[in-house]
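# A structural walkthrough
Letter by letter, the chains look like this.
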Amino acid sequence: MSIQTFVLLMAMILVVMAWWANTSKRNKIYCSFTRVNKTSINRFVKMTSRYVVFDGKRYDIVPRCVKFNWWDKGLVNWVFPQWVASLDFTYANRWPIDPETGRHAVISPEVRNAMNKEEWVKSYAKGFTPPTSRKLSFFQQYLPYITIGIVMLMGVYFYMNINNLNMNMQDVINQFNAIAR
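A short tour of the structure in this document, coming up. (Residues numbered from 1 in each chain as written. Predicted model: local features only at pLDDT ≥ 70, side-chain atom pairs only at ≥ 80, totals over all residues. Heavy atoms only, no water.)

The strands making up a sheet are joined through hydrogen bonds of the backbone, oriented either antiparallel or parallel. The four strands are arranged β2-β1-β6-β5 in an open sheet whose pairing can be described as mixed. Either end of the sheet is taken by a strand with one partner, and the two such strands are β2 (40–46) and β5 (67–71). Direction aside, the axes of adjacent strands within the sheet are offset by 40 degrees on average. Sheet topology places β5 next to strand β6 (residues 82–90); five bridges connect them, and they run antiparallel. Residue pairing in the sheet places N69 in a bridge with V84 of β6. (Pairing = 2+ DSSP bridges. Helix = DSSP H or I, 4+ residues; strand = E, 2+ residues; numbered from the N terminus. Axes fitted to C-alpha atoms, helices over the stretch in contact; angles between N-to-C directions.)

Moving on, we get to a nonpolar patch on the surface. Residues F138, F139, Y142, L143, Y145, I146, I150, M154, Y157 and F158 make up a contiguous nonpolar surface patch of roughly 1,100 Å² in combined accessible area. For I146, the position within the fold is in helix α5 (residues 138–160). Judged by its relative accessible area of 37%, I146 is partly exposed. (Patch = residues over 30% accessible without salt bridge, like charges linked within 9 Å, V, L, I, M, F, W, Y side chains within 5 Å. Areas by Shrake-Rupley, 256 points an atom, 1.4 Å probe, with all protein chains shown as cover. Salt bridge = Lys/Arg side-chain N within 4 Å of Asp/Glu carboxyl O. Buried < 20%, exposed > 50% of the residue type's maximum accessible area, 1.4 Å probe, protein only.)

Counting through the fold element by element, S86 comes out in strand β6. A distance of 2.8 Å separates polar atoms of two side chains, one belonging to S86 and the other to N69. Contact partners of S86, with chain neighbours within four places excluded, come to I29, Y30, C65, V66, K67 and N69. (Polar contact = N/O pair within 3.5 Å; in protein donor to acceptor, adjacent residues only side chain to side chain. Contact = heavy atoms within 4.5 Å.)

A large share of strand β1 (residues 28–34) lies buried, amounting to five of its seven residues. Pairing between β1 and β2: seven bridges, direction antiparallel. Residue pairing in the sheet places C31 in a bridge with R43 of β2. Hairpin remark: β1 followed by β2, antiparallel, with five residues in the connecting loop; positive phi at K38, about 70 degrees. In this structure, β1 lies alongside β6, joined through six bridges in parallel fashion.

In this section: α5. Between the first and last C-alpha of α5 there are 32 Å, a value that for 23 residues agrees with the 33 Å anticipated at 1.5 Å per step. A maximum bend of about 45 degrees is found in α5 at P144. (Expected span 1.5 Å × (residues − 1). Bend = angle between axes of the 7 residues up to and from the residue.)

Rendered as structure tokens:
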């Protein structure tokens, strides 16, 4: 395998890893459940779920109790970490722990039935809402295009000079081999 093929293969692997890190946990909530004996069960559920099942019991998902954690577990997310919505549950109550008070959320069945879909969607999207729009400067407005242009120019430059890079890498390898002997 040549150096060019290896570098291209590694670049493709990095692109796939970034894509996987971005899409794998995008529409999921990380639910953590603590049992009586202080062991923990962790599970991902869809963002549209109304409950999660732990040890055969249903625990309700309350969107206003969602907090965001920095997810960096596993190789892919260690390289490309991301924010993940999460909820904490205990065996004592079917409601999640409210991150603002540190206690279980108290919601009566009447209030639960009165909540409509729009409130749920708004509370889910609370952490993802962009800031209010403001006028961008010329540089800020065209920065993505400038970045894409620079990356493309660098790609063309490296493609044109890949033989020099290959020869230089071969020289470095020969020097290491000469030192190692």
